[in-house]
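# Examining the three-dimensional arrangement
Residues per chain are reported as follows:
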Amino acid sequence: MEKFIINGGRKLRGEVEISGAKNAALAIIPAVMLCDEPCVLENVPAINDVSISLQILRELGADVKFIDRTTISIDPRMIQDMPVPYELARKMRASYYFLATLLSRFKHARVPMPGGCDLGDRPMDQHLKCFRELSAKCSIENGIVDARADFLFGTQIYFDKVSVGATINAMLAAVKAEGLTILENAAKEPHIVDLANFLNSMGADIMGAGTDVIKIKGVNRLHGAEYAIIPDQIEAGTFMIAVAATKGDALIKNVIPKHLEPITSKLRKIGVVVMEYDDSVRVIGQETYERINVKTMPHPGFPTDMQPQLAALLVLARGTSIINEGIFDNRFRYADELRRMGADISVDGKVAVIEGVDHLTGAPVKATDLRAGAALIIAGLSTRGTTEIEDIQHIERGYDNLDGKLRAMGADIVKRTVPESIRQAI
Ligand code: UD1
């Protein structure tokens, strides 16, 4: 068990290089098993969820080699028809993508129900609906999703709810199905476009990714590919807010500014100066910020994965801000932790009301999930005094060397191991 210790109040300066997108990598890594040739993936983020995904591939029989820290070669030829191990599947949400890729490859998949951040109810009905509409039989027994089919046939699928995971699972299952699949009311996130681009580079025939109608003409065979994953929109947004909250001035490099627009436009409304370049943004923090109302929505709306980090900035803005969480039922568990630091937040269901305060004070807090942890880091960096953040394993699931990157920008943040004796007393 480790924790971050932050001595806050230092302005972030200089520059930071954004890593590859977590949610794109977690879709693309399982997709490699749809072909029978080695693939090389570049710009893969060094995060724990990626390690788990690669571990699952290895357990299934793939040969995974690191060419360098962010470049991986995966040879899927020896992959076997076997269940995904429970201990790995339950560690992250994206393990559900192995359902589609095993189903496509072997016409049979057994994957334990996934884990991931506890954000309230996270059903899988839309995932199973798409497999069933592609002619698979699905059941859940003893915590394991079992999907099987004689053949997968293309069809028209209308999602009752916009779901990133179900859209990706439908694309993965349909790419080698017989005939045409049309996905309607599909999610439009940048990582959905990135997955489509990867699959098309392997010989798939997918059109419309990035709109709410995606057309997939099934192909018999996919071939190996070399592919560079897009930069992480959420990691970039987290650094943008961290720079703003510390009143710093820094260049965020290796980004696609278009993907950041939902974040950039809200930050500008609050009063943060954001300058866009071809593949970087400069953020210039200000002494004071204005209140704002925000509702999280599917892309191109404001991303739910940036909601806690934005709250960590709004707790110091002038006036009353309202955050309406439009995606998940329970994404304000960090509010209790920010209150320990002096924030004035009240939560009623999916709405949080934030009264801006002059300053926060350092405190011992817990990362309740991945983005909640990022919010606490931002709060700790912008606060004079010491903040100790426990349960940082949530943060390390999705951020590549976050503390190292922050230190290089002038932050005083260190990672400490909690001694066994104290661990037992907690
Ligand atoms: C993905 C992202 C996560 C992000 C979320 C929303 C990955 C690995 N994770 O999660 O970081 O916060 O998108 O942008 O990419 N729902 C159903 N039935 C379903 C599926 C979803 O009701 O079958 C609901 C969910 O409970 C939620 C909403 O739909 O309320 C959106 O969920 P979804 O887009 O599926 O999120 P994830 O794929 O789990």
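Sequence order sets the numbering: in each chain, residues are counted from 1 along the sequence as written. Local features are withheld for residues below a pLDDT of 70 in this predicted model, meaning they are given only at 70 or higher, and side-chain atom pairs are given and counted only at 80 or more; totals for whole chains, interfaces and linings count all residues. Based on all heavy atoms of the structure, the side-chain values leave hydrogens and waters out of the count.

### Points about the overall build of the chain
Put simply, DSSP marks the helices as runs of H or I at least four residues long and the strands as runs of E at least two long, and each gets a number from the N terminus on. Counting its secondary structure elements, the chain contains 15 helices and 23 strands. The quantity called the radius of gyration is restricted to C-alpha atoms. Its globule counterpart is 2.2 Å times the number of residues to the power 0.38. Taking 22 Å as the expected radius of gyration for a compact globule of 426 residues, we find that the chain reaches 21 Å, a close match to that expectation. Each of the three principal axes of the chain carries a C-alpha extent, and together these read 65 × 45 × 40 Å. Exposed residues in this analysis have more than 50% of their type's maximum accessible area, buried residues have under 20%, and partly exposed residues fall in between, with area computed by a 1.4 Å probe over protein chains only. The burial tally for the chain puts 57% of its 426 residues in the buried class. Considering only contacts in the chain between residues 6 or more positions apart, those separated by 24 or more positions represent 72%. Taken as a whole, the chain presents about 16,800 Å² of accessible surface, with 47% of it coming from carbon and sulfur. The contact criterion used is simple: two residues touch if any of their non-hydrogen atoms lie within 4.5 Å. All accessible-area figures derive from a Shrake-Rupley calculation using a 1.4 Å probe, and residue coverage is judged against the displayed protein chains alone.

### Side note on the sheet that holds strand 14 (residues 249-253)
What makes two strands pair is DSSP finding at least two bridges between them. The strand order across the open sheet formed by 4 strands is 2-14-16-15, and the pairing between neighbours is mixed. Each edge of the open sheet is held by one strand with a lone partner, namely strand 2 (13-17) and strand 15 (273-276). Mean inter-strand twist for the sheet, computed between neighbouring axes without regard to direction, equals 15°. Two strands pair when backbone bridges link them, and strand 15 and strand 16 (residues 280-284) are joined in this way by 4 bridges, in the antiparallel orientation. Bridged to Val274 within strand 16 is Val283. Axis lines are fitted through C-alpha atoms, for helices just across the contact stretch, and the angle between N-to-C directions can take any value from 0 to 180 degrees.

### Things to note about the site of the ligand
In the neighbourhood of the ligand, 22 residues make up the surrounding shell, with Tyr96, Gln126, Ser163, Asp305 and Ile327 lying closest. Identification of polar contacts relies on pairs of N or O atoms within 3.5 Å, with a donor-acceptor requirement for protein atoms, meaning one able to donate a hydrogen and the other able to accept it, and with residues adjacent in sequence counted only if both atoms are side-chain atoms. In the model, a nitrogen atom of the ligand is placed 2.7 Å from a nitrogen or oxygen of the Asp125 side chain. At 2.7 Å from an oxygen atom of the ligand is found a main-chain nitrogen or oxygen belonging to Gln126. At the level of elements, helix 5 (125-133) and helix 6 (164-174) are the ones that each hand at least two residues to the shell around the ligand. Counting residues per element, the shell around the ligand draws most heavily on helix 5, at 3 residues. Residues that form the shell around the ligand fall into these classes: 9 nonpolar, 6 polar and 7 charged. The residue makeup of the shell around the ligand includes at least three contributed by each of domain 1 (2-19 + 231-425) and domain 2 (22-228). A molecule or strand has a residue near it when one of that residue's heavy atoms lies within 4 Å. Lys, Arg, Asp and Glu make up the charged group, whereas Ala, Val, Leu, Ile, Met, Phe, Trp, Tyr, Cys and Pro make up the nonpolar group; the residues left over, Gly among them, are polar. Note that the domain bounds were set by an automatic or database domain assignment.

### With respect to the pattern of salt bridges
What makes a salt bridge here is a side-chain nitrogen of Lys or Arg within 4 Å of a carboxyl oxygen of Asp or Glu, nothing more. The final tally for this structure, using the stated rule, is 22 salt bridges. When the shortest N-O distance is used, the salt bridge between Asp118 and Arg333 registers 3.8 Å. Highlighted residues: Asp118 in the loop between strand 6 (108-112) and helix 5 and Arg333 in the loop between strand 18 (320-324) and helix 11 (334-340), separated in sequence by 215 residues. Here Arg333 falls in the partly exposed class, since its relative accessible area comes to 31%. The partner of Asp336 in a salt bridge is Arg339, and the shortest N-O contact between them spans 2.5 Å. Here Asp336 pairs with Arg339, and both are found in helix 11, just 3 residues apart, close to one helical turn.

### Re the side chain of Thr387
The topology assignment puts Thr387 in strand 22 (residues 385-390). For Thr387, a relative accessible area of 0% corresponds to the buried category.

### Some points on the sheet that holds strand 23 (residues 412-417)
Strand order in the open sheet made by the 4 strands is 21-22-1-23, with mixed pairing throughout. The outermost strands of the open sheet, each flanked by one partner alone, are strand 21 (364-366) and strand 23. The sheet shows a mean angle of 25° between the axes of neighbouring strands, taken without regard to direction. The pairing of strand 1 (residues 2-8) with strand 23 spans 6 bridges and is antiparallel. Directly across from Glu2, in strand 23, lies its bridge partner Thr417. The strands touched by helix 12 (residues 370-381) within the sheet are strand 1, strand 21 and strand 22, with strand 1 carrying the most contacts at an inclination of about 30°.

### Section: the domain arrangement of the chain
By domain assignment, the chain separates into domain 1 (2-19 + 231-425) and domain 2 (22-228). Computed over C-alpha atoms only, the centres of domain 1 and domain 2 are separated by 30 Å. Each partner contributes to the interface: domain 1 provides 24 residues, whereas domain 2 provides 21 residues. For any pair of parts, buried area is found by adding up, for both, the accessible area (1.4 Å probe) each one loses once the two are put together. In this assembly, domain 1 packs against domain 2 so that about 1,900 Å² is buried in total across both faces, 51% of it on carbon and sulfur atoms. In this assembly, domain 1 and domain 2 are joined by 3 salt bridges.

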